Amino acid sequence: MKGRTIAFRLILAVSVCTTAILFAVLGFDYLHSRASLEREIDRNAHNLTRASVFHVETVLMSVQAATETLARALESAHFDSGEVRHLLRSSLEANPAIFGEAIAFAPALDDDGRERLEAPYFHRRDGHIEFVPVEQAYAYPDKDWFRRPRELRRPVWSEPYFDEGGGNVLMVTLSVPFFEQEDSGEQRFRGVVTADLALDWLTKLVSEIKVLDTGYAVLLSPSGTFITYPDADFILNESLFTLREDLGSGEQLSRLGQRLISGVEGSVNHTDLFGEPARLHFAPIEPAGWTLVLVLPEEEIYDDVRNLALTTLSIGVAGTLMMLLVVVLISRSITRPLGALVLATREIAAGHFDAPLPTCITDDEVGELTQAFGTMMRELSDHVRQLTLTTAVKERIESELKIAHDIQMSILPKMFPPLPDRDEIDLYALVEPAKEVGGDFYDFFQIDEEHFCLVIADVSGKGVPASLFMAVTKTLIKATAKSGRSSAEVMTRVNAELAQDNEQSMFVTVFCAILDLSSGEVIYTNAGHNPPFLIRADGAIELLVSGSSQLVLGVMEDVVYRTESLTLSKGERLFLYTDGVTEAMNPANQAFGEARVVQELERLRELNLRETTQAMVASVQDFAGSEPQSDDITIMLIEYQGLSD
Amino acid sequence: MDIQISHEQQASVVAVSGKLDTLTAPAYEKAVTELIDSGTTQMVIDFAELSYISSAGLRSLLVTAKMLKTKAGKLALANVTGGVRDVFEMAGFGSIFAMYDSVPAALEGL
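Residues numbered from 1 in each chain as written. Chains lettered and ligands numbered in written order. Predicted model: local features only at pLDDT ≥ 70, side-chain atom pairs only at ≥ 80, totals over all residues. Heavy atoms only, no water.

A few words on the sheet that holds strand β14 (residues 290-297) of chain A. All names here are of chain A. In space, the 5 strands of this open sheet follow the order β11-β10-β14-β13-β12, with antiparallel pairing throughout. Two strands close off the open sheet at either side, each with one partner strand: β11 (226-228) and β12 (266-271). Direction aside, the axes of adjacent strands within the sheet are offset by 30 degrees on average. As paired elements, strand β13 (residues 278-285) and β14 share 8 bridges and run antiparallel to each other. Note on β14: the bridge partner recorded for Pro284 is Thr291. Together, β10 (216-220), β12, β13 and β14 form the strand contacts of helix α6 (residues 251-260), whose direction differs from that of β12 by roughly 155 degrees. (Pairing = 2+ DSSP bridges. Helix = DSSP H or I, 4+ residues; strand = E, 2+ residues; numbered from the N terminus. Axes fitted to C-alpha atoms, helices over the stretch in contact; angles between N-to-C directions. Contact = heavy atoms within 4.5 Å.)

Below, the structure written as structure tokens:
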């Protein structure tokens with residue numbers, strides 16, 4: 001299972017970030033544009049409402065002004081019926097907005113005591129002004145248009161109505177009362193001047209108000225009845241309060257209706273009074289008490305915002321997808337060479353230094369990596385070749401060193417016992433070589449009939465120089481040890497030879513002893529070597545330390561060595577060794593030490609020389625454990641057995 | 001092994017710590033050879049922190065002494081104690097090196 005790739009992580013990070021940013025921007029943009037759109041629409045709607053109201057009010061005011069002028073004229077004097085007709089005709093001629101005018105006098109009793117009605121009426125017909133006399137049967141004093149101004153004593157606009165006689169147009173009538181000043185100061189009602197206003201222009205005007213695409217305007221009468229409505233069937237037949245009966249108009253809608261016709265200006269958000277949810281702007285048309293309502297369907301308002309948001313969203317999504325594609329491509333371009341590098345690395349790990357590297361070198365970090373990788377490969381290849389060569393050389397040297405070591409070991413005497421035809425001494429010696437060629441050696445030989453020479457030595461350092469120095473030393477000692485010479489004389493001569501032209505400052509520690517086979521007397525010289533142990537016949541173990549130690553061989557030419565002596569009794573032993581024994585280290589970095597040598601010698605005292613020596617080596621090796629042997633372990637053990645009987 | 005070299009008025013003091021054996025002797029010889037090549041003739045080697053010296057280490061000291069001798073210089077050893085002292089004594093080096101109990105004493109003795 002492959003882990004999450006760089007490409008995957010990049011895509012994840014980028015898409016999370018961009019999506020978050022996208023939605024934040026989109027949300028902000030949506031809210032902001034919705035708010036600004038609402039403001040814009042509100043402003044437009046407000047202006048439109050104002051303009052329309054103003055337009056309608058202008059017409060209505062002019063009609064009212066003309067009618068009131070006529071009423072004031074009638075108050076100023078008494079006119080006969082001919083003059084009244086003339087006044088009416090003139091007024092109608094002067095006011096083209098008015099469809100028809102009448103002057104309806106309050107009923108008066110005629111001479112016969114009958115109620116006489118007089119209400120001359122002029123109206124327009126086919127471009128002319130026509131007089132229509134009142135029919136006596138038409139009892140107008142009971143009609144609203146006459147009764148209400150009389151009662152209210154002020155101009156009254158009627159509810160709109162269809163004038164079924166006059167072309168079936170929507171009409172509204174203004175009734176202005178006129179009075180006569182009584183002597184008592186009381187205003188006596190004399191009649192009503194009426195002006196009929198055809199509302200076809202108004203219907204047209206309002207229906208032409210266009211708000212957005214689907215918005216429309218509605219005109220309401222003081223009672224909430226529709227004066228204009230997109231659906232002509234509603235006109236005068238429906239009102240605000242009947243509109244939503246089907247939905248069981250709640251208190252809320254009813255209150256809203258009351259507010260619309262209450263003669264104030266305002267706006268309402270999100271109401272379904274006119275069916276679909278809409279925004280309403282309304283304003284009163286003063287003289288007639290009407291209300292103009294602009295209906296702005298919300299769906300259309302927010303359609304724009306929604307469309308804008310959708311467009312932005314699509315652009316954003318498309319942009320994000322494109323960016324992701326680019327990210328994928330870039331990460332591929334990064335990871336493809338990396339993948340090839342991984343393959344090349346595996347090849348190299350398998351030892352194929354000629355594995356091909358990605359060739360499409362770009363100028364970026366990946367390109368640099370590829371180049372660096374190529375350099376590394378070449379150098380690694382060179383290095384390995386070098387190493388192979390070096391290893392071969394090293395192996396050859398090691399092999400030669402092994403041979404040198406074998407030769408070195410081969411020059412050590414290995415005849416045990418050393419004097420098979422004599423019984424005075426027994427001897428056993430061995431070198432347990434370290435991995436690296438060392439400079440330890442031992443030697444023993446008969447000098448003359450009575451004297452036997454024992455040597456143990458350790459050359460400073462290791463390797464070929466040490467082994468050469470050892471061979472020289474061994475040869476010199478053997479050549480120098482002649483009958484009649486003490487060990488000190490031998491050491492002095494050998495030292496002089498070794499120290500001469502010793503550029504390398506190599507030196508050798510030597511313990512050299514000459515044993516008198518018949519007496520057991522040992523004359524010895526210790527040139528800087530580890531002092532041997534003397535194992536007495538009674539089991540006591542002594543360290544052969546001299547008063548002051550003598551210098552190793554090879555350091556200074558003119559050193560004169562001195563001898564010391566001891567006498568061995570029958571069964572006593574001399575244990576000679578090199579520092580490979582006492583300085584063998586265990587993993588805890590402790591040395592074997594002289595104390596352990598003594599301990600082991602005591603433990604091994606019943607064994608013969610060979611067994612003792614080998615057991616001692618085994619003890620040292622046990623002690624060292626896993627710690628590699630760093631120095632040769634050399635031991636020589638001699639037992640004086642005295643003269644045979 | 002670690003080597004710290006300091007310069008007193010009349011001599012260089014070489015403090016050798018750790019082990020001076022076959023493995024570390026070449027590094028010691030290199031450091032001291034450079035010091036002598038740069039003109040040092042009076043030298044004190046401080047063994048206060050030396051825990052072990054092998055025959056290879058002793059040989060390196062002989063090399064140092066010999067190099068200084070050819071330049072008519074002098075070498076003194078300070079703080080040769082414990083196991084190191086035992087090795088010195090056993091090899092008879094006590095008679096060929098001037099050894100002192102402290103660095104100031106060694107500087108004095110040069």
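Residues and elements named next belong to chain A. As for its position among the elements, Thr225 is in the loop between β10 and β11. When the C-alpha atoms of Thr225 and Gln621 are compared, they prove to be 124 Å apart, with 396 residues separating the residues in sequence. Sequence-distant contacts of Thr225, that is, excluding residues within four places in its chain, are made with Glu159, Leu219, Leu220, Leu236, Glu238 and Ser239. Engagement of the side chain of Thr225 in a polar contact is seen with the side chain of Ser223, the distance being 3.0 Å. (Polar contact = N/O pair within 3.5 Å; in protein donor to acceptor, adjacent residues only side chain to side chain.)

We now examine unusual backbone geometry. Residues and elements named next belong to chain A. A cis amide bond links Phe416 with the next residue in sequence, Pro417, at an omega value of -10 degrees. Here Pro417 shows up in the loop between α8 (365-410) and β15 (425-432). Backbone geometry places Asn589, a non-glycine residue, at a positive phi of 65 degrees. Checked against the element boundaries, Asn589 lands in the loop between α11 (579-582) and α12 (593-603). Here Asn589 falls in the partly exposed class, since its relative accessible area comes to 48%. (Buried < 20%, exposed > 50% of the residue type's maximum accessible area, 1.4 Å probe, protein only.)

So, about the UniProt feature "transmembrane region" (unreviewed entry) in chain A. Feature annotation in UniProt assigns "transmembrane region" (unreviewed entry) to the following positions: residues 308-330 of chain A. Structurally, residues 308-330 of chain A comprises 100% helix and 0% strand, and the distance from its first C-alpha atom to its last is 32 Å. (UniProt positions renumbered as here; feature names shortened; annotations may be inferred.)

Further remarks concern the interface of chain A and chain B. Across the contact, 22 residues belong to chain A and 16 residues belong to chain B. Buried surface at the junction of chain A and chain B, both sides included, amounts to about 1500 Å², of which 59% is carbon and sulfur. On the chain A side of the interface with chain B, the three residues burying the most area are Ser505, Phe507 and Leu551 of chain A, jointly 28% of the side's total. For the pair chain A and chain B, the number of links is 0 salt bridges. In this structure, the connection of chain A to chain B is made through 7 residue pairs in polar contact (both at pLDDT 80 or more). (Buried area = accessible area lost by both parts, 1.4 Å probe. Salt bridge = Lys/Arg side-chain N within 4 Å of Asp/Glu carboxyl O.)

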